[in-house]
Every structure is written in structure tokens, then in C-alpha cells.
Amino acid sequence: MKILELGGRHDLHLKVMAHGGVGPIAGPCLVCISLLLCHRQPFRMLGLAHIAKRGFCSTQVFWSRMRIAVIGQSLFGAEVFRLLRKNGHDVVGVFTIPDINGKSDPLAQAAAAEGIPVFKYQRWQVKKVVVPEVLEEYKSLKVDLNVLPFCSQFIPNEVINLPKYQTIIYHPSLLPRHRGASAINWTLMCGDKTAGFTIFWADDGLDTGPILLQRKTYVSPDDTVDSLYNRFLFPEGIKAMAEAVQMIEDGKAPRITQPEEGATYDPLLKKDKVEINWNQTAEEIHNFIRGNDKVPGAWTTVNGERVTFFGSKLWERLPPRGLEVQIPGAIKPAIVHRRGMVLFGNDEKMVNVSQVQFASGKMIPASKFGKTDSSAEELTLTPEEEAMATTLKGVWQGILNIGVDETTDFFKAGAGSMDVVRLVEEVREKCNDIRLQNEDVYMNTTFEDFLNCVIRRGRGIEDKEPFEFDAVKLHVNNRDISFPHQLFIDNEFVDASSGATYNTINPTDESVICKVAFANKDDVNRAVEAAKEAFEDGEWGRMNARDRGALMFRLADLMEEHAEELATIESIDSGAVYTLALKTHVGMSIQTFRYFAGWCDKIQGLTIPINNARPSRNLTYTKREPIGVCGIIVPWNYPLMMLSWKMAACLAAGNTVVLKPAQVTPLTALKFAELSVKAGFPPGVINILPGPGSVAGQAFSEHPTIRKLGFTGSTPIGKTIMSSCAKVNLKKVSLELGGKSPLIIFSDCDLDKAVRMGCSAVFFNKGENCIAAGRLFVEESIHDEFVQRVVSFYPEMKIGDPLNRSTDHGPQNHRAHLEKLIKYCEIGIQQGATLVCGGKQVDMPGLFFAPTVFTNVEDNNMIAIEESFGPVMIISKFTDGDVEGVLKRANNTEFGLASGVFTKDINKALYVADNLQAGTVFINTYNKTDVAAPFGGFKQSGFGKDLGEEALLEYLKTKAVTVEYS
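Computed from a prediction, not measured in an experiment: that's the story for all the values here. (Residues numbered from 1 in each chain as written. Predicted model: local features only at pLDDT ≥ 70, side-chain atom pairs only at ≥ 80, totals over all residues. Heavy atoms only, no water.)

A. Local environment of the overall build of the protein chain. Scanning the protein chain for helices and strands turns up 29 helices and 42 strands. Taken against the 2.2 N^0.38 rule, which gives 30 Å for 966 residues, the C-alpha radius of gyration of the protein chain at 39 Å runs more than 25% over that of a compact globule. The dimensions of the protein chain, computed from C-alpha atoms along their principal axes, are 130 × 75 × 60 Å. Each of the 966 residues in the protein chain was classed as buried or not, and the buried ones make up 53%. Of the roughly 42300 Å² that the protein chain leaves accessible, carbon and sulfur atoms contribute 52%. Averaging the locations of the 104 positively and 115 negatively charged side chains of the protein chain gives two centres separated by 6 Å. (Helix = DSSP H or I, 4+ residues; strand = E, 2+ residues; numbered from the N terminus. Rg over C-alpha atoms; globule rule 2.2 N^0.38 Å. Buried < 20%, exposed > 50% of the residue type's maximum accessible area, 1.4 Å probe, protein only. Areas by Shrake-Rupley, 256 points an atom, 1.4 Å probe, with all protein chains shown as cover. Lys, Arg positive; Asp, Glu negative; His and termini not counted. Charge placed at Lys NZ, Arg CZ, Asp CG, Glu CD.)

Set out below in C-alpha cells:
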């Protein structure tokens with residue numbers, strides 16, 4: 001036999017045997033050498049294949065790989081073992097810990113599955129002297145390299161130094177920093193901005209051996225031991241261990257001496273050593289808590305009991321409202337609130353924790369600390385649930401390999417993180433598809449608590465704070481109604497931060513309906529914070545578009561279920577006639593949400609052909625993206641419908657909303673907020689803040705986080721909003737403002753229809769209608785007859801209680817508006833217009849104003865120029881046939897919201913429609929709006945659209961992406 005050394009590799013050998021039947025040869029077969037040099041495979045198989053195919057060579061070729069021992073434990077060790085085997089390395093033995101409760105370690109399981117010898121030692125040495133039997137058994141494997149991915153046992157130097165290439169170890173820090181067994185914990189506790197791992201050559205020191213390789217990553221502000229490990233240290237560490245072994249085999253593994261500069265040795269963390277020191281900044285407290293999450297767990301004493309905190313995050317919002325808890329040594333009391341418990345550092349900044357654990361081991365959401373825990377209530381099980389309990393006990397026994405009773409603790413019995421995943425999956429498979437989160441296991445560690453959790457989930461009971469609020473309850477309109485009266489922020493109804501309230505008035509009799517919270521700038525800040533978090537970090541921002549649409553459909557369904565209640569609230573709060581409120585105020589609101597719910601998964605971009613940068617090619621595409629936090633301010637004439645017109649498009653686009661209803665009509669908006677929670681909208685997506693425009697509304701305009709503001713209201717206020725938005729952050733603005741909509745009635749019209757539609761155009765919703773026909777131009781030849789018919793129509797209009805089904809005309813919205821209408825008519829009379837009827841308050845209790853008709857109105861009269869926003873018909877005549885003249889007069893206004901024309905001549909109708917300067921033109925109809933048709937004005941009636949596809953564009957931004965490729 002002759003051994004040849006080829007290619008300078010010390011482990012590459014050829015075994016040359018006698019040529020079959022011919023005699024000895026001087027050298028190996030050249031074909032075999034060619035195969036050997038061109039392949040990196042187990043060459044023993046190549047040689048045998050060659051013998052079979054050629055039949056004239058007895059050369060045996062084999063690849064003599066390093067003989068590797070994997071020493072350690074855990075899933076990490078198992079994955080390293082699997083990858084080494086996958087890469088073709090020769091693992092000759094696995095050394096791990098003994099079984100726990102009859103359950104073998106994952107590394108042992110992985111090795112056994114592949115037929116690799118497994119050795120389970122209780123210890124390798126006694127009193128620092130190696131156990132002889134253990135050493136001899138280890139020596140028998142003739143190991144060339146020890147690989148220690150994770151090992152909790154102390155391995156003696158006789159084993160460490162025996163192999164030809166000695167031993168490499170994985171350590172989860174960037175050595176020489178954080179030597180010791182709690183390296184990941186200390187990385188976080190010390191606030192390191194960079195983390196990583198080291199693979200080093202073992203020596204006789206503690207984590208002091210020469211470095212083979214290192215990998216590093218960033219540390220995010222909210223990283224925990226688990227997140228850092230799962231994101232980087234685990235997956236990248238497995239790959240790096242395999243890479244290190246390959247470097248050793250290739251003869252390219254460095255040995256870099258660890259520097260002593262910056263070296264630290266950090267002690268093993270134990271429970272008694274991790275009490276929180278409150279004389280630290282919030283960031284230092286946060287680092288300490290997350291560095292000990294979940295083991296051993298940072299703790300403090302509350303009411304004489306040890307309480308451990310988990311799930312720490314820096315709280316960068318305003319201090320929440322909630323239950324104060326005294327903590328000895330802390331600068332301020334902790335605050336228990338619906339998102340957890342806020343803790344204060346000595347810099348008065350805040351940390352929020354999501355879970356707390358008592359000394360008994362019981363873990364609860366921090367939001368329930370100090371409160372009655374309904375999840376702890378004893379349940380009476382049904383026969384089916386008793387059977388489920390037996391199944392669950394079997395699942396626990398299968399995982400833990402021990403007997404299980406009510407007091408058995410899942411983790412104290414030896415379960416680990418992978419067992420949690422297995423338990424959650426087995427519950428889903430064996431317990432009627434009940435779906436748990438991993439956190440449910442950590443929060444219910446004993447079998448009794450876990451069973452209770454599973455049964456509650458099976459009954460559809462969530463361990464969430466109940467949605468409760470102080471509702472106003474009334475019996476009105478032959479029905480019981482209820483509605484909130486507080487601010488709605490982050491899915492909670494809360495008092496204003498100042499505690500201020502105001503009275504909202506029923507215009508039918510000017511009685512007080514209830515007191516409503518009065519939002520100020522601080523409340524706006526809180527609401528915007530909630531909306532920002534929901535958009536950037538919450539469930540809403542991650543939600544699929546189709547799921548977003550499903551929520552909106554669900555909300556529309558709830559609005560429909562509560563339609564009569566909503567219409568009743570709208571009627572008592574705004575004076576809307578109940579039948580109109582039911583059909584239009586509420587009915588169109590429901591239609592709007594359903595329309596835009598359908599748009600959610602149809603918001604698309606474009607692909608755009610552009611010139612290629614030759615010889616490469618280019619592709620440009622656009623994306624439609626939500627803007628972020630949007631502010632919406634709506635008026636008092638259609639409180640719910642105006643909310644829906646704007647908010648539905650805003651939500652469909654994926655934004656979050658802070659909305660201010662009109663101060664005088666807040667109640668349907670607050671009822672809507674209640675329904676949004678019941679529909680399942682996540683916290684922070686919708687926020688409703690009643691209050692004055694001068695305070696809350698101005699705060700919307702000036703808030704730098706609000707990137708889009710939609711407003712419906714008067715032109716002067718719109719100008720103020722636009723100016724404020726421009727000065728602060730150039731936020732995108734859409735404005736639906738005042739109108740003085742002209743309605744042109746030609747002599748060739750259907751006069752009966754024109755009279756009926758003309759009256760509706762003016763008197764619909766008591767004239768409190770943004771597109772109301774503010775001025776009628778009637779062709780001279782039919783002018784007098786038109787006026788006579790209008791006056792004869794007048795007695796048919798029943799004025800009175802808006803809840804009465806026969807009422808046509810309810811009260812004006814509020815007293816200030818009524819008084820403005822009275823003044824408006826007085827000026828019309830003073831300037832020479834003829835008052836045909838009305839013009840005054842109706843002689844009855846309440847804010848009722850008589851439908852009014854003026855004729856002989858000149859173009860320079862104030863009532864011909866300014867909007868009344870009430871039931872006031874302004875009639876002017878124009879010369880027969882003078883189409884151009886009446887168009888000039890109709891367009892001689894700074895407003896351009898809507899307009900109309902009545903004629904049987906389609907050519908004339910279309911010509912007039914083409915030349916009227918208004919965002920909406922009605923031909924032979926009026927007030928015919930639809931959720932699919934865009935709505936918005938020209939000139940000082942504003943810009944931007946509600947409704948239709950165009951409304952979505954108001955709440956989206958367009959991003960262009962250009963790609964270059966070969």
C-alpha cells in the first residue's frame with residue numbers, strides 16, 4: 001500500500017491496491033486522481049463507483065474527514081448538530097445531559113434519530129478530577145475536534161485539549177465584553193447598542209480563549225433576551241458554528257488573542273441579585289428589566305410582596321390615567337392603565353411593563369394589577385369541558401413525562417420554550433381548534449390556571465378589560481337609548497384632562513340633554529399619540545387591506561342594527577326630522593362605510609414605462625400609501641353623515657383618525673365610537689374629541705404629527721385652518737366650505753317638478769344643507785307662477801317635533817344660528833327685497849324658524865351674496881332666453897359648491913352644466929348625492945373631494961419606485 005499526499009491537504013489520502021490480476025502498479029489510477037481532485041464528496045463512494053464502472057482498477061479512494069464530538073444541549077445544540085451533518089461532517093458522538101423526567105434533551109433526540117452514539121453524563125469530573133470511565137469512553141471515539149454550541153456542564157481540560165484541533169465554543173457576546181454565563185442579559189442590562197456572539201478556541205480560562213470568528217447586530221430599544229436570541233443569536237449562531245468547523249477543516253481558522261482592554265466578567269444572575277434600584281433613569285430601569293426577562297426576572301416589593309416585571313418598553317407618551325400604586329424607593333407612584341403599568345425613573349421619564357408575576361408564580365397582565373381578576377373565578381365545567389380537561393392533562397403528561405395534578409407548574413416541571421409551542425399547537429388540534437397565544441402559557445403556568453384559560457377561550461371569553469363607560473340612558477321616541485358623553489381616546493371613554501364639561505342642548509325645547517366632556521390641547525395630544533402608535537406600531541398598521549375592509553363592513557352592520565337609536569340621537573341633538581335622519585343622516589352613513597369598505601383591497605398603483613439606462617433595463621411602479629395620523633373636523637348640520645363621508649375614506653386608505661365633532665352636536669359621533677369598539681377596531685385607530693373649534697380644532701391644525709386635515713365648515717374658518725396647517729408642517733388639507741349654489745329654472749321646464757325640487761333644494765334639512773340652493777334664478781315668463789306655486793306649497797309643510805313621523809320641518813340646530821337667520825332676513829328687508837312669507841321665529845317653544853321666501857332680490861343685496869344656511873329661498877328673475885346673462889350672474893360668486901338647472905332642452909341643460917362654475921351640477925333634480933359620486937367645490941367653496949374614488953386620494957400619498965436590472 002502506498003500513501004500519496006495531494007494538493008497540500010493533510011487529510012486527503014489515496015489507498016492504492018494491486019491492479020486486479022495483473023500485479024503491483026507504480027502508482028494510482030489517473031482516473032481516480034481526476035475524480036478525487038474534482039469533487040468534494042465522501043470519496044470512498046467515488047472509488048467504489050469507479051471500480052464498478054471501469055472494471056480494471058482496484059483503487060479505493062476515501063475522504064478522511066475530521067472526527068467531531070458535539071458536546072452540549074438544547075435546541076441550539078440540536079440545530080448545530082443537524083447542520084454539521086447536512087454539510088457532510090463526520091460527527092462520531094454526542095455528549096449531553098441526562099434525561100429530565102424521562103425526557104431526553106433535543107440534542108440527544110436529534111443524534112439518536114440519525115443513529116449517532118449519544119452519551120449522557122451527570123458530570124464529567126468530581127472535585128475537579130475527571131471521571132476516569134467518562135474520559136476513557138470519550139477517548140475511544142478518537143475525536144479530532146470538540147464543538148460546544150451550548151453547554152451548561154463543566155468540561156475538564158483533559159477533554160478540552162485532547163483532540164488534534166482541540167475545542168471551539170459558542171459564546172453569546174462580543175468577547176472580551178460580557179464573559180460569563182449571563183452574557184445576553186448583561187448586554188441588555190448595560191444598554192449596549194451592539195450585540196453579537198463569538199466562537200472561540202477553549203483554553204483554561206473562562207471565555208478567554210483566542211477568537212475564531214465574531215458576528216454582531218444592532219440592539220433595538222425594545223429588544224429582550226428572547227427577541228435578541230430569536231432574531232440573531234440563534235439563527236446566525238447556528239450558521240456560524242458550521243462555518244467555523246469548515247474553516248478549521250480547510251486550515252483557515254484564525255486564533256486571535258482576546259484583548260484585555262474592554263474586557264468584563266459579569267456574574268451569573270440569580271433572583272436575589274436582581275432587585276430593581278429605583279434611583280436610576282427610566283432607560284436604565286428599562287434595560288435592567290428587559291435584561292432579566294424572563295429569567296431570572298427583575299423584581300421589587302409592592303405592599304410587602306415580591307412582584308416581578310416583564311415586557312418592558314420605554315413609554316414616550318404622556319403619563320396615562322389609571323390606578324396609582326406606591327412603590328418604595330420610586331420617585332412617583334406607578335400607574336396601572338389599560339396597556340400595562342407605567343413606572344417612573346429618577347429622571348421622571350417612564351417605562352411600561354405588560355406583565356407582573358407574584359411570589360406564588362402567578363402571572364397576570366400588568367393592566368389587572370390591583371384589580372379584580374375575572375379570569376381567576378372558578379368555572380363550573382360542562383361534561384364536554386370535563387372531557388377536555390382530561391385531554392389537556394394527557395397533553396401535559398406527554399410533554400412533561402410526569403404525573404400532572406392541578407398544582408403542577410409547567411415550567412418548574414422542566415418545560416422550555418419549544419414545549420410552549422408544542423402545547424399551543426396540541427391544544428388547537430385536540431381541543432376544538434381553541435387558539436392560544438404563547439403568552440397564555442406563560443401567564444397560566446399551573447395546570448389549574450391553564451385549564452381555566454382554555455375553557456374561557458373555548459367559551460369565547462377573552463381576558464381583556466371589559467369595555468365599560470358611563471352611558472347616558474334616556475327613554476325617547478318610544479325607545480330606550482344610551483350613548484357616551486366623554487372623550488373617546490385609544491378605545492376608552494375618558495373625562496377631559498381638565499375635567500371640564502359643557503351642556504349639549506335639544507333644539508326642540510332647549511332642554512339640556514346631558515353634559516359632555518370639553519376637550520383641550522392636552523386631550524388632543526393624547527389622542528394623537530394614540531393614533532400615531534396605532535398607525536406605526538399597532539395591529540392596524542400591520543393589518544391586511546381585506547381585513548381592514550371586513551372591520552368596516554362589521555361597523556356598517558352595527559350602525560344598521562342601531563339605526564333607529566342613531567337617528568333618535570341625531571334628532572334630539574341636531575333637530576333633524578327623525579324620518580330624514582333615519583333615511584339620510586344614518587342611512588347614507590351606513591352606505592358610505594360599506595362603499596369604502598369595498599375599496600380597501602382595491603387601492604393600487606401603476607407600472608410606468610420609462611427610458612431604459614442602457615444596457616440595463618428599468619421599471620417604475622407607483623404605490624398608494626396611507627398618510628398616517630389624520631385630523632377631521634365636521635360640522636353640525638349632518639353630524640353622523642359628515643363623519644362618515646370623511647372617516648370612511650380615511651380608514652379605507654389605512655390611516656388613523658382624530659375627529660372633532662361640532663361642539664353643539666357631539667352625541668352621534670360618540671355613539672359611533674362605541675360601535676367602533678364593538679366592531680373590533682384596535683385601540684387608537686379612531687379617536688373622538690368634542691370641544692370648541694377655537695381650542696381643540698386649532699390644536700388639530702397646529703399639531704405636527706397630524707399630516708392630513710379634512711374640514712367641513714365655513715369659509716372663514718377654513719382659511720384659518722389652511723393658514724395654520726401651512727405654518728406648522730404643510731399638512732395636506734381638504735376643505736369643503738360655504739356655498740351659494742345657484743339653481744336656474746327655465747320656462748321650458750316641468751314646472752310642477754321644478755317647484756317641488758326647488759322647495760326641497762332650499763328647505764331640505766331645515767335649509768342646514770351645504771349644497772342648498774342659495775339663490776334661484778327663474779325665467780321671467782314663469783316667475784310669478786313659480787312664486788305663487790311655492791307659496792301654495794308652503795302650508796303643506798308641517799313644522800314641529802322632529803320625532804313626530806308627520807313633521808316636515810324641525811328646529812334650527814342651535815340658538816346662535818336661529819338668531820343669525822333672523823338678522824339675515826332683517827337685512828334682506830332693509831335692502832329692498834320683498835319678503836313673501838316667513839322671515840321670523842315660529843311662535844312656539846323651541847328653535848323653530850319659519851320657511852322663508854324672498855323675491856325681487858338684486859344681485860348686490862347681501863342675501864344674494866351671502867349664504868343663509870337656513871330655510872330661506874332667494875328668488876331673482878332673468879330675461880327670457882338670456883342664457884349667457886343668467887350664467888354670468890350665477891357664476892358671479894366666490895362660491896362654487898353646487899348648482900342646478902331645470903329645462904326640457906337637453907342641449908341647453910348640458911351647455912349650462914358645462915359653464916356653471918361649481919363642483920356639482922344637478923340637471924332636472926337636486927340634492928341627489930351618492931356615495932360613489934365625488935363631492936366638493938370650486939373657488940372659496942374649497943378643494944378636495946368627499947365620496948367616490950377621488951375621496952380615497954385625499955387620504956393617500958403616491959410613491960414612485962424605479963428599479964434597474966439586467
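B. Up close: the sheet that holds strand E11 (residues 211–218). Reading across from one edge, E5-E4-E3-E8-E9-E10-E11 is the order of the seven strands in this open sheet, with mixed pairing throughout. Each edge of the sheet is formed by a strand with only one pairing partner; in this case those strands are strand E5 (118–120) and E11. With direction set aside, neighbouring strand axes in the sheet form an average angle of 15°. Pairing between strand E3 (residues 67–71) and strand E4 (residues 90–96): five bridges, direction parallel. The partner of isoleucine 68 across the bridge, within E4, is valine 91. Here helix H4 (residues 106–113) sits on the sheet in contact with E3, E4 and E5, set at roughly 145° to E4. (Pairing = 2+ DSSP bridges. Axes fitted to C-alpha atoms, helices over the stretch in contact; angles between N-to-C directions. Contact = heavy atoms within 4.5 Å.)

C. Fine view of unusual backbone geometry. Cis rather than trans, the peptide bond between leucine 175 and proline 176 has omega equal to 15°. Note on placement: proline 176 falls in the loop between strand E9 (167–171) and helix H7 (183–189). Cis geometry marks the peptide bond from aspartate 293 to lysine 294; its omega dihedral reads 5°. Inspection of the secondary structure assignment puts lysine 294 in the loop between helix H9 (282–291) and strand E12 (299–302). Notably, leucine 730 is not glycine yet its phi reads approximately 50°, a positive angle. Mapped onto the fold, leucine 730 is located in the loop between helix H22 (715–728) and strand E31 (732–736).

D. Here's a closer look at the confidence of the model for the protein chain. When pLDDT is averaged along the protein chain, the result is 91, and 93% of the positions lie at 70 or above. Across residues 1–63, confidence stays below pLDDT 50; counting only partners more than four residues off in sequence or on other chains, it has 84 contacts. (pLDDT = per-residue confidence, 0-100.)

E. Spatial organisation of the sheet that holds strand E42 (residues 956–965). Spatial strand order, E25-E26-E42: three strands in an open sheet with antiparallel pairing. The open sheet is flanked by strand E25 (607–608) and E42, the only strands paired with a single partner. Pairing between E25 and strand E26 (residues 617–626): two bridges, direction antiparallel. Residue pairing in the sheet places isoleucine 608 in a bridge with threonine 620 of E26.

F. Main features of a nonpolar patch on the surface. A contiguous nonpolar surface patch, about 240 Å² in accessible area, is contributed by Leu606, Ile608 and Ile610. Relative to the elements of secondary structure, leucine 606 occurs in the loop between helix H18 (578–599) and E25. Judged by relative accessible area, which is 55%, leucine 606 ranks as exposed. (Patch = residues over 30% accessible without salt bridge, like charges linked within 9 Å, V, L, I, M, F, W, Y side chains within 5 Å. Salt bridge = Lys/Arg side-chain N within 4 Å of Asp/Glu carboxyl O.)

G. Representation of H9. Extensive coverage of H9 is indicated by the burial of eight of its ten residues. For H9, every residue scored as buried is listed here: Ala282, Ile285, His286, Asn287, Phe288, Ile289, Arg290 and Gly291. Where the residues of H9 are buried, they touch H7, helix H8 (225–249), strand E13 (305–315), strand E16 (340–344) and strand E17 (350–358).

H. Molecular detail of the packing of helix H23 (residues 751–763) against helix H24 (residues 780–793). One way to put it is that H23 packs onto H24 with a least axis distance of 10 Å and a crossing angle of 55°. Considered as vectors, H23 and H24 are oriented oblique to each other. Note on packing geometry: the crossing formed by H23 with H24 is right-handed. The residues of H24 that touch H23, namely those facing Leu751, Asp752, Ala754, Val755 and Cys759, are Ile782, Glu785, Phe786, Arg789, Val790 and Phe793. Split into classes, the residues belonging to the contact of H23 with H24 amount to eight nonpolar, no polar and three charged. (Parallel < 35°, antiparallel > 145°, perpendicular 65-115°, else oblique. Left-handed = near helix turned anticlockwise from the far one by under 90°. Nonpolar A, V, L, I, M, F, W, Y, C, P; charged D, E, K, R; others polar.)

I. Molecular detail of the side chain of asparagine 506. Residue position: asparagine 506 is located in strand E23 (residues 501–506). According to the relative accessible area criterion, asparagine 506 is buried, its value standing at 12%. With residues near it in sequence (within four places) discarded, asparagine 506 still touches Ser511, Ile513 and Ile572.

J. Looking closely at the packing of helix H16 (residues 545–561) against H18. Two numbers describe how H16 lies on H18: the axes approach to 8 Å, and their chain directions differ by 165°. Looking at the two axes, H16 sits roughly antiparallel to H18. In terms of crossing hand, the pair formed by H16 and H18 is left-handed. On H18, the residues that touch Gly549, Met552, Phe553, Leu555, Ala556, Asp557, Met559 and Glu560 of H16 are Ser589, Ile590, Phe593, Arg594, Phe596, Ala597 and Gly598. In terms of residue class, the contact of H16 with H18 is made up of nine nonpolar, three polar and three charged.

K. Spatial organisation of the environment of aspartate 557. Assignment of secondary structure puts aspartate 557 in helix H16. Aspartate 557 sits in the partly exposed class, given a relative accessible area of 37%. Residues aspartate 557 and arginine 594, 37 residues apart in the sequence, show an inter-C-alpha distance of 8.7 Å.

L. Looking closely at the pattern of salt bridges. This model, assessed by the stated rule, comprises 50 salt bridges. Across the pair arginine 435 and aspartate 433 runs a salt bridge, and its minimum N-O distance is 3.3 Å. Taking the relative accessible area as the measure of exposure, arginine 435 reaches 55% and is therefore exposed. With a shortest N-O distance of 3.4 Å, lysine 908 and aspartate 748 are connected by a salt bridge. One end of the pair, lysine 908, is in helix H28 (residues 906–915); the other, aspartate 748, is in the loop between strand E32 (741–745) and H23, with 160 residues separating them in the sequence. Sharing partners across several salt bridges, the network here consists of Arg317, Arg339, Asp490, Glu529 and Glu533.

M. Up close: the pairing of strand E10 (residues 194–201). Burial analysis of E10 places seven of its eight residues in the buried class, the great majority of the element. Here E10 pairs with E11 via seven bridges, running antiparallel. Bridged to isoleucine 199 within E11 is leucine 213.

N. Highlighting the packing of aromatic side chains. Within the structure shown, the criterion is met by 30 aromatic pairs. Geometrically, the ring pair formed by phenylalanine 119 and tyrosine 121 is tilted, given 6.4 Å between the ring centres and 35° between the ring planes. Note on phenylalanine 119: relative accessible area 11%, which makes it buried. Every member of this aromatic cluster is reached through a ring pair, and the members are Phe76, Tyr170, Phe197, Tyr229, Phe232 and Phe234. Residue placement shows lysine 294 over the ring face of tyrosine 442; its charged tip is 5.2 Å from the ring centre. (Phe/Tyr/Trp six-rings, centres within 6.5 Å; stacked < 30°, edge-to-face > 60°. Lys NZ or Arg CZ within 6 Å of the ring centre and 35° of its normal.)

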